Structure formats: structure tokens, C-alpha cells
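Residues per chain are reported as follows:
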Amino acid sequence: MTDQLISGFPVRLLDVTDLPACLRLAEDREWSPEERKWRLLFEVGDVYGVDDPDGGLAAAVVCTRFGQEISAIGMMLVAKRRERRGLGGALLRYALDRAGTATAWLTATAYGRPMYERLGFRAIGECATHVGEATGLTRGTSRPATPSDLSAILALDAEVFGAPRGELLTRLQAFSERFRVVDGPDGGLSGFAGAWRNLGETVLGPAIAQDADTALGLLSDLASEVEGPVRIDIDTSRSELLAWAKEHGLHHSFSTTIMEYGAPLPGDRSRLFTPVMVALG
Ligand SMILES: CC(C)(COP(=O)(O)OP(=O)(O)OC[C@H]1O[C@@H](n2cnc3c(N)ncnc32)[C@H](O)[C@@H]1OP(=O)(O)O)[C@@H](O)C(=O)NCCC(=O)NCCS
């Protein structure tokens, strides 16, 4: 349903029937047509789009709300023929107003960063995406997750992420190629991590753990089990993750700026090692 105009164009909440138009918009900006990823985003997030009077989408953004606390912003795209006329900024403002969460989080390309800064986002770090075939891995002590681990996964996640991600994590059990956990001393978990397929690579994420050794063990176990190249999005303040990537043959592919908006991010981010994906946190 079209409910408003922004910059003279109609904006609406998209649904999965708009997926082909989203993929065409992504390709217009030389982004890969990541259909599987978009399908998950349609399931867990709000995808807003601006219809182009000449056909297709002029712009899109995904805003995934985790309770009243955090919105994760991703897939911010404006068609080349429609950029630099205020559409991107207005669409993001529209999505943030509707989400109404205390905080928002995203990782910005160099293209997007000035626009986000103008809207009030603050840079809080750098994300270095590494890719490659992982080699020389030493196995950790994790085991495959089972359905009975879900409640402990959700409990640990809520503590660390600081906002409810139950729906996403439940869906990730099937969406992920692999999902592993490390048992804690008291019947709980000391960590969990997943890996999911995206086009020609497997993304390692999320990874949440009590300490770096546990996280690296989980990531090594996942990387040893998947075929082909892996991708990992590393907050560069995590020197142990950067060293792990280098030691196991992954190379730096590109960097983005981690940004927050509104209140500081809740939770205990010292135990959050990798995001599910950069569009979700
Ligand atoms: C980043 C992106 C979404 C920006 O979309 P956009 O619609 O061009 O954004 P805006 O028009 O709101 O702002 C872009 C610039 O245009 C300027 N602008 C806005 N209205 C304008 C107007 N009427 N005339 C001239 N310039 C204008 C803004 O001041 C801004 O300048 P700045 O970047 O120097 O601050 C778009 O370039 C894009 O899709 N890039 C490729 C994908 C990408 O990198 N996405 C970001 C992922 S994090």
C-alpha cells in the first residue's frame, strides 16, 4: 500500500513479490543478486521501497527491528539514475521514524557514510570483510546445535545482543548451513556460531562467545566443515579475529564503517564476535 510521497516519489512497505525488483536495483548498483539473503530479510525485517514512475524501484532499504531497542539497517540502495536528489536520506529517515527504536546500527560504504552522518549516525568502528579458502585450521571443542539448544542460544543472545532476536535466531537454525555450540559449565552455553550460504561463499556469522578462544574454536570448526570460500566480517578492534583470518589464508576484501544512531548500543558487545550479516548486526 502506498501511504506517502518522499522526494515526490511513492514509498511503501514491500513484500516478497517485490524481490525481483530488489535484485534488479541491487544489480543497478553493481551489487550481487543475493536472493537467499533478501528472502531472509523479507521474513525478519521491514523492506521499504520507492516506486520509480518509469518502472521498477528507485530506492530500497531494509530495517530489521529487535524489540524497542535496536534497528539494523541494510541494503540501502538508490538507483543510479535517481541518486543525489535526497531520496536515500529521506527513505532512511522514513524507515527510522517508523521503527522508533532507541538505537540503530549499520555498516556504511564510503558512498553511504556522508549521508548517514548528515542524518545523525556516528562512526563507532571499522568492519574489515575477509574472504578466501580457510586453511590450516585446528578444531575447537564445539558440537552441532540441536533443537533442544535453542532456548539456551536465545538466553545467551539476549544477554549479549541486548535486544530480542528470537525470531531471527530461530529461523537461522534452518537457514544456516551449520550451527554449532560450546557447552558451558552450568548447563548453559559458553558460545554459539553459525555459517550460511550466500552465492559462491559461506558467511561465518553470527558468533557469540564468552571469550576469544571459544569464538575462534567455533569459527575454526565451522570453517573446517564448509566447502569453498568463506567470508567473515571483522570489527577491526578485534585483533584476535584479524590474526585468525590472516593465519588461515583469508584476505581483506573491503572495509565499511560501523555506525550507530541514537542511544549507545545495549548488551555486552565484548562477547559479540561476528554479526549474522552486515545487514542485520
Ligand atoms: C549511498 C546512496 C544510498 C545514497 O543515495 P542518494 O539518494 O544519492 O542519497 P541523498 O541524495 O540523500 O544524499 C547523497 C548526496 O546528495 C546530496 N543531495 C541531496 N539532495 C540533493 C539535491 N537536490 N541536489 C544535489 N545534491 C543533493 C546530499 O547532500 C548528499 O551529499 P553528500 O553525500 O556529499 O552528503 C546511493 O549512492 C547508493 O545506492 N549507492 C550505492 C549503494 C551503497 O553504497 N549503499 C550504501 C550502503 S551502506
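Every chain is numbered independently, its residues counted from 1 as its sequence is written. Local features in this predicted model are restricted to residues whose pLDDT is 70 or higher, and side-chain atom pairs enter the listing and the counts only when it is 80 or higher, whereas totals over whole chains, interfaces and linings include all residues. As a rule here, side-chain values come from all non-hydrogen atoms in the structure, and water together with hydrogens is ignored.

**So, the domain arrangement of the protein**
For the domain bounds, the source is a domain assignment made automatically or taken from a database. The domain architecture assigned to the protein consists of domain 1 (2-101) and domain 2 (130-274). Relative placement of domain 1 and domain 2: their C-alpha centres are 27 Å apart. Residues are treated as being in contact if the distance between any of their heavy atoms lies within 4.5 Å. At the junction of the two partners, domain 1 supplies 14 residues and domain 2 supplies 17 residues. The quantity reported as buried area is the accessible area (1.4 Å probe) lost by two parts once they are put together, taken as the sum for both. A buried area of about 1,400 Å², summed over both sides, lies between domain 1 and domain 2, and 69% of it is on carbon and sulfur atoms. Looking at the side of domain 1 facing domain 2, the largest losses of area belong to Arg 36, Phe 66 and Ile 70, adding up to 41% of the total buried there.

**With respect to the pattern of salt bridges**
What makes a salt bridge here is a side-chain nitrogen of Lys or Arg within 4 Å of a carboxyl oxygen of Asp or Glu, nothing more. Summed over all chains, the structure comprises 25 salt bridges. A salt bridge links Glu 30 to Lys 80, with the shortest nitrogen-to-oxygen separation between them at 2.6 Å. In this pair, Glu 30 is assigned in the loop between helix H1 (19-28) and helix H2 (35-44) and Lys 80 in the loop between strand S5 (70-78) and helix H3 (87-99), connecting sequence segments 50 residues apart. With relative accessibility at 64%, the residue Glu 30 sits in the exposed group. Only protein chains enter the calculation, and the probe is 1.4 Å; a residue is then buried if its accessible area is under 20% of its type maximum, exposed if over 50%, and partly exposed in between. The class of Lys 80 is partly exposed, set by a relative accessible area of 38%. The numbering of helices and of strands both runs from the N terminus, where a helix is a DSSP run of H or I of at least 4 residues and a strand a run of E of at least 2.

**Overview of the nonpolar core**
As used in this record, nonpolar core signifies buried Ala, Val, Leu, Ile, Met, Phe, Trp, Tyr and Cys residues forming a set joined through side-chain atoms within 4.5 Å. Judged by nonpolar contacts, the single largest core of 48 residues is most densely connected at Trp 38 and Leu 280. Counting residues per element, this core draws most heavily on H1, at six residues. In this view, Trp 38 contacts Leu 19, Cys 22, Leu 23, Val 47, Val 62, Met 75 and Leu 77; residues no more than four positions away in its chain are not counted. Counting 28 residues, the second largest nonpolar core, distinct from the first, contains Val 11, Leu 92, Leu 96 and Ala 108.

**A word on the environment of Ala 158**
Structurally, the position occupied by Ala 158 is in helix H5 (residues 150-161). Taking relative accessible area as the criterion, Ala 158 reaches 41% and is therefore assigned partly exposed. Residues Ala 158 and Pro 144, spaced 14 residues apart in sequence, show a C-alpha to C-alpha distance of 21 Å.

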